[in-house]
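One letter stands for each residue in the lines below.
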Amino acid sequence: MNRRHLLLLWTAAGQDQPLLKHFWSRSCARQKVTRNQLTMDTKSNEVTDDESRRRYKDCITRMNTLQTPAEEIKKLRAEDKIVKRLNRPEIARVMLQYLARCGITVEEIDRLPVIHITGSKGKGSVCAFSESILRKYNLKTGLLTSPHLVEVRERIRINGVPISYDKYSRYFTEVFDKLESTKADFGGLMPLYNRMQTTLGFYMFIKEKVDVAVIEVGCGGQYDSTNFVRKTAVAGITSLALEHPKTLGGSLESIAWHKSGIMKPARPAYTVRQPANCMKVIEERANEIGATICCIPRLEECIPENKTIQLGLAGGHQYTNASLAVQLCRRFLQERKLVSSFTAVTSNESPPPSKRLKSRNEAEQDGLTDGSDLGMTSADPFILPEEFLSGLRDCYWPGRTQMVLHGDVTYYLDCAHTTTSIEHCMTWFNKASGREAEGTEGRTVRILLFNMKISKYKPSIFRPLLDGSFDAAVFCPSLIDEKDNPAELTFVASDDEERRLESQNVKELFELQQRSLMPLSAVPSSTDRSKASPNTSEEGQPAESSLPDHTGDHSTQDKQALKCHWFPTIKSALYWATAGRDADLVPPESGAIPPLEDVIAAQRIQVLVTGSIYLVGGVMTLLDPELAGR
C-alpha cells in the first residue's frame, strides 16, 4: 500500500485511526523522497534522471530572468506605476501575441475548452475539485494554477499530475526560444514571469491535446494574464473579500468588478453566495457583458437526506468550493454532450424545510445573498452521480488543510492568508488537532509557525490566531536556508534581508496586538519581554524560556501571554519548534539550538504552518518535496 492510498484511507477514516497512523508513520520513514533520488512521472512512465533534472534546473534559471528585479520594483512603486503595469487593458492582445509568436493561432485557442475560475478565497480548491471530477469521466485534463509550493512545474498539470521534468524542459525551451528569437520585432518585449507561465501552460495544453483546461486566475480577473480566451466553456466566481487593494482597489465593489471581468458574452457563469454589494456588481457586469449568471445551491441540497458526502479537502468551507465545482462540471459535461442529463432533486429527496431555512438564515447572518433580490436565478440542485462523488472524495490539493505525520510531530499545513481564510483554517485546526489530542496519551503542545506579507496586515487577521491557545508562536521569513535556497523558491523582487526584516515586523505587530487584547496582569513586563525576545544574532537563537504549563483542553485554559520567537530561516524555526524531534529535519548550519523541555516532554507536537503559501512550500520542501507533486 503506497502513501497516496494511506492518505486517502486516513482521510476517509477521519484521520483518527491509530492503525492507519502507525502505517503512515512507517511509510514516511521508509519512503522519504529527496531531490537527489530518481522519481517517476506516473502518467508518462518517464524516469527523470540526472540529465533531465539538470536541463530542468537550467530552464528555471532562464525563467527567473523574467522576474522583475527588486530595484525596478522599488522604482515603479516610487513612481506609482505598479498598478498601471499590472492593470493593462491590452493584456488580452499581448497574451495572444505571445502565443502567436510561439506558433499558436487564435483558432486553436478557441477550440480549447476552458473552465475559468476566479475569486478571493478557494479558487485553487475549486479548480482542484473540478479537475478531479472531470477526470472521472476519462477526460484528459489540463490544470493551470499559481503560485507553486515547491516546484514550478506544479503549476501545469496533466491528468492531475505535474508535467514531467523532461516535458517541462522541452516545452519551456521551445516557448522561450521562440519568444526570444522574435522579441526584436516586438520592441524587445518578453513576458513577465507569471505571464510566461500562462503562455507556457496554454502552449502545453494545446500541444498535449487536452479535452478540457481548468484555469485559475492569478490576480483579479479583468486584467489577469489568463483572461484572453474569447469564449470560455463556463466561468466560476468563488467567495470575494478585500485583497490586493493597490491593484484591485480598496473596496469590495472594486474587487467584484475585477473578478467578474472573466465572464464572456453569451456564456454561462456561476457564483457562490456573496456580500450584497458584491453580488450587485456581479449582476450588473453580467448584464453589461451579456453573460448569464447563476448563484449555486448549497452542496447539501444535492445530497438526499439519507446519504452523506466526503470531500478530499478538509474544512467546512470546502463544501462551498465543492458546490461551485459540481455546477461548473455539470454545465461543461452537458454542453459537451458527455452526459445526457442529470437527475433533478425531487421534493422527497431534498433537505427538509428546516434544514433549508437554517442554511438561508446562516447566509443572511453572514451578510451573504444568493442574488434573488436582484432577480438572479439559482442553479437547480441535482443528485450527484458516482463520478462526482468519487471526484470530490479523491481530490488532492496540497498545502490546503493538510495533515502530515512525522513520528511524534504532526504538521498542519494551510496556505490561508486573509482574515476569513485564517478563521476557516483555525476552525479546521482546532477540530482536527483536538481530535488527535483526544487520542493521545500524555501532553500535547501546539506551536504556530507564521509569516505573511506586511502589506496584507489587518488587525483582524491575527485575532483567530490569538484565540488559538498555542503554546508558542514562531515567526520567520519564507527562506529555507541562510545561503542556498532552491531556485524555484527564490524571488528577485525582494532581497533576503528585506524578507527577514519584514518577518520581524510581522512578529512585532503580532505581539503588539496580543498586548492590546490581554488583561494588564497577563501582559509581560518590559523585563520579561526582553527575556522572551529572540537573540537575533547570526545564530538566530531564541533566549531560553519555558512554555506555559498547561494540559488538557486548550479552550478552557487561563489566558496568558503567548511566547513569540523569531528565526532567520524556515529550517531553524522548524527545528526549534519541534525541539529536533523530527528525524527528517537536519539541524541548521548555524549550530545547535537549545531545545525546550516542554516540547521534549510532550507526547505529541502539533505545528500549524499558515499565513503564506511560500512558507508552506518551504516547509514541504524540508519535510518531503513529493507532497506537493502527487
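Because the structure is a prediction, the values reported are computed rather than measured.

**Brief notes about the overall build of the protein chain**
Item 1. Looking only at helices and strands, the protein chain has 23 helices and 19 strands in total.
Item 2. When each of the 630 residues of the protein chain is scored for burial, the buried share is 55%.
Item 3. Relative to all contacts within the protein chain whose residues are 6 or more apart in sequence, the contacts with residues 24 or more apart total 78%.
Item 4. About 26600 Å² of surface is accessible on the protein chain, with carbon and sulfur atoms providing 50% of the total.

**Some points on the side chain of Gln318**
Item 1. Mapped onto the secondary structure, Gln318 falls in helix α14 (residues 318-335).
Item 2. On the basis of relative accessibility, which here comes to 2%, the residue Gln318 falls in the buried class.
Item 3. Not counting the four nearest positions on each side in its chain, Gln318 is found in contact with Ser125, Phe129, Leu311, Leu313 and Thr401.

**A look at empty space enclosed by the protein**
Item 1. Counted under the stated rule, the structure contains 4 cavities of 30 Å³ or more.
Item 2. Reported here for the second largest cavity is a volume of approximately 60 Å³.
Item 3. Around the second largest cavity, the lining residues are Thr145, Pro147, His148, Leu149, Glu154, Arg155, Arg157, Trp397, Pro398 and Arg400.
Item 4. Here the lining of the second largest cavity is composed, by residue class, of 4 nonpolar, 2 polar and 4 charged.

**Observations concerning the sheet that holds strand β5 (residues 156-158)**
Strand pairing within a sheet occurs via backbone hydrogen bonds; the two strands may be parallel or antiparallel.
Item 1. The strand order across the open sheet built from 9 strands is β6-β5-β4-β7-β3-β8-β9-β11-β13, with neighbouring strands paired in mixed fashion. In this open sheet, the two strands that pair with only one neighbour each are β6 (161-162) and β13 (377-378).
Item 2. In terms of strand pairing, β5 meets β6 through 2 bridges, oriented antiparallel. Its bridge partner being in β6, Ile158 is matched across the sheet by Val161.

**With respect to α14**
Item 1. For α14, with 18 residues, the first-to-last C-alpha span of 26 Å sits near the 26 Å given by 1.5 Å per residue.
Item 2. One or two positions beyond α14, positive phi appears at Lys337, with a value near 55°.

**A short note on the packing of helix α8 (residues 123-135) against helix α16 (residues 386-394)**
In a pair of packed helices, the angle between the axes and the distance between the axes together describe the arrangement.
Item 1. Where α8 contacts α16, the axes come no closer than 8 Å and their chain directions differ by 135°. In this view, α8 runs oblique relative to α16, as classed from their interaxial angle. Of the two elements, α8 crosses α16, and the hand of that crossing is right-handed. Along the contact surface, α8 presents Phe129, Ser132 and Ile133, while α16 presents Phe388, Gly391, Leu392 and Asp394.
Item 2. Across the contact of α8 with α16, the residue classes tally to 4 nonpolar, 2 polar and 1 charged.

**Quick notes on the packing of helix α3 (residues 50-64) against helix α9 (residues 165-182)**
Item 1. One can describe the packing of α3 onto α9 by two numbers: an axis separation of 9 Å at closest approach and a directional angle of 35°. Like other packed secondary-structure pairs, α3 and α9 cross with a definite hand, here left-handed. For the pair formed by α3 and α9, the contact residues are Ser52, Arg53, Arg55, Tyr56, Cys59, Ile60, Arg62 and Met63 on the first element and Tyr165, Asp166, Tyr168, Ser169, Phe172, Thr173, Phe176, Asp177 and Glu180 on the second.
Item 2. Here the residues of the contact of α3 with α9 sort into 8 nonpolar, 3 polar and 6 charged.

**A closer look at the confidence of the model for the protein chain**
Item 1. Summing up the model confidence of the protein chain, the mean pLDDT is 83 and the portion of residues at 70 or higher is 78%.
Item 2. Scored below 50 in pLDDT, residues 353-361 shows 6 contacts in the model against residues more than four places distant or in partner chains.
Item 3. Long-range and interchain partners of residues 520-558, a stretch whose pLDDT sits below 50, account for 65 contacts in this model, where long-range means more than four residues apart.

**A look at the packing of aromatic side chains**
Item 1. Taken as a whole and assessed by the stated rule, the structure comprises 20 aromatic pairs.
Item 2. Residues Phe429 and Phe470 carry aromatic rings whose centres are separated by 5.6 Å and whose planes lie at 15° to one another, so their mutual orientation is stacked. In this pair, Phe429 sits in helix α17 (residues 419-438) while Phe470 sits in the loop between α18 (459-466) and β17 (472-475), placing the two residues 41 residues apart along the sequence. Each of the two residues, Phe429 as well as Phe470, counts as buried.
Item 3. Taken together, the ring pairs connect Tyr56, Tyr165, Tyr168, Phe172 and Phe176 into an aromatic cluster.
Item 4. Here the guanidinium or amino end of Arg285 rests over the ring plane of Trp257, the centre of that ring lying 4.1 Å away.
Item 5. In this structure, Arg446 packs its charged tip against the face of Phe470, placed 5.6 Å from the ring centre.

**Digging into α17**
Item 1. Its 20 residues place the ends of α17 28 Å apart at the C-alpha level, agreeing with the 28 Å of an ideal helix rising 1.5 Å per residue.
Item 2. Within the span of α17, buried status applies to Thr419, Ser421, Ile422, Cys425, Met426, Trp428, Phe429, Ala432, Ser433 and Glu436.

**Brief notes about the environment of Tyr193**
Item 1. With respect to the element layout, Tyr193 can be found in helix α10 (residues 193-207).
Item 2. Each C-alpha atom of the pair Tyr193 and Met63 lies 6.9 Å from the other, and the pair is 130 residues apart in sequence.

**Considerations on the pairing of strand β3 (residues 114-118)**
Item 1. Counting buried residues in β3 gives 5 out of 5 residues, a clear majority hidden from the surface.
Item 2. On β3, burial covers both faces: Val114, His116 and Thr118 on one face and Ile115 and Ile117 on the other are all buried.
Item 3. Pairing of β3 with strand β7 (residues 212-216), which is carried by 4 bridges, proceeds in the parallel orientation. Within β7, the residue paired with His116 across the bridge is Ile215.
Item 4. Bridging between β3 and strand β8 (residues 234-237) involves 4 bridges; their strand directions are parallel. Residue pairing across strands places Ile115 opposite Val234, the latter belonging to β8.

**Focus on the sheet that holds strand β14 (residues 402-406)**
Item 1. Strand order in this open sheet of 6 strands is β14-β15-β19-β16-β17-β18, and the pairing throughout is mixed. Every interior strand has two partners, whereas the edge strands, β14 and β18 (563-566), have only one. Across the sheet, the mean angle separating the axes of adjacent strands is 20° when strand polarity is ignored.
Item 2. In this structure, strand β16 (residues 444-450) lies alongside strand β19 (residues 604-610), joined through 7 bridges in parallel fashion. Bridging across to β19, Phe450 finds its partner in Thr610.
Item 3. Against the sheet, helix α19 (residues 496-517) makes contact with β16, β17 and β18, and its axis sits at roughly 170° relative to β18, the strand it touches most.

Cut-offs used in this document
Residues numbered from 1 in each chain as written. Predicted model: local features only at pLDDT ≥ 70, side-chain atom pairs only at ≥ 80, totals over all residues. Heavy atoms only, no water. Helix = DSSP H or I, 4+ residues; strand = E, 2+ residues; numbered from the N terminus. Buried < 20%, exposed > 50% of the residue type's maximum accessible area, 1.4 Å probe, protein only. Contact = heavy atoms within 4.5 Å. Areas by Shrake-Rupley, 256 points an atom, 1.4 Å probe, with all protein chains shown as cover. 1 Å grid on protein atoms, 1.4 Å probe; cavity = no way out; pocket = protein on both sides within 12 Å on 5 of 7 lines; lining within 4 Å. Points joined across faces, edges and corners; volume = space filled by probe spheres on them. Nonpolar A, V, L, I, M, F, W, Y, C, P; charged D, E, K, R; others polar. Pairing = 2+ DSSP bridges. Expected span 1.5 Å × (residues − 1). Axes fitted to C-alpha atoms, helices over the stretch in contact; angles between N-to-C directions. Parallel < 35°, antiparallel > 145°, perpendicular 65-115°, else oblique. Left-handed = near helix turned anticlockwise from the far one by under 90°. pLDDT = per-residue confidence, 0-100. Phe/Tyr/Trp six-rings, centres within 6.5 Å; stacked < 30°, edge-to-face > 60°. Lys NZ or Arg CZ within 6 Å of the ring centre and 35° of its normal.

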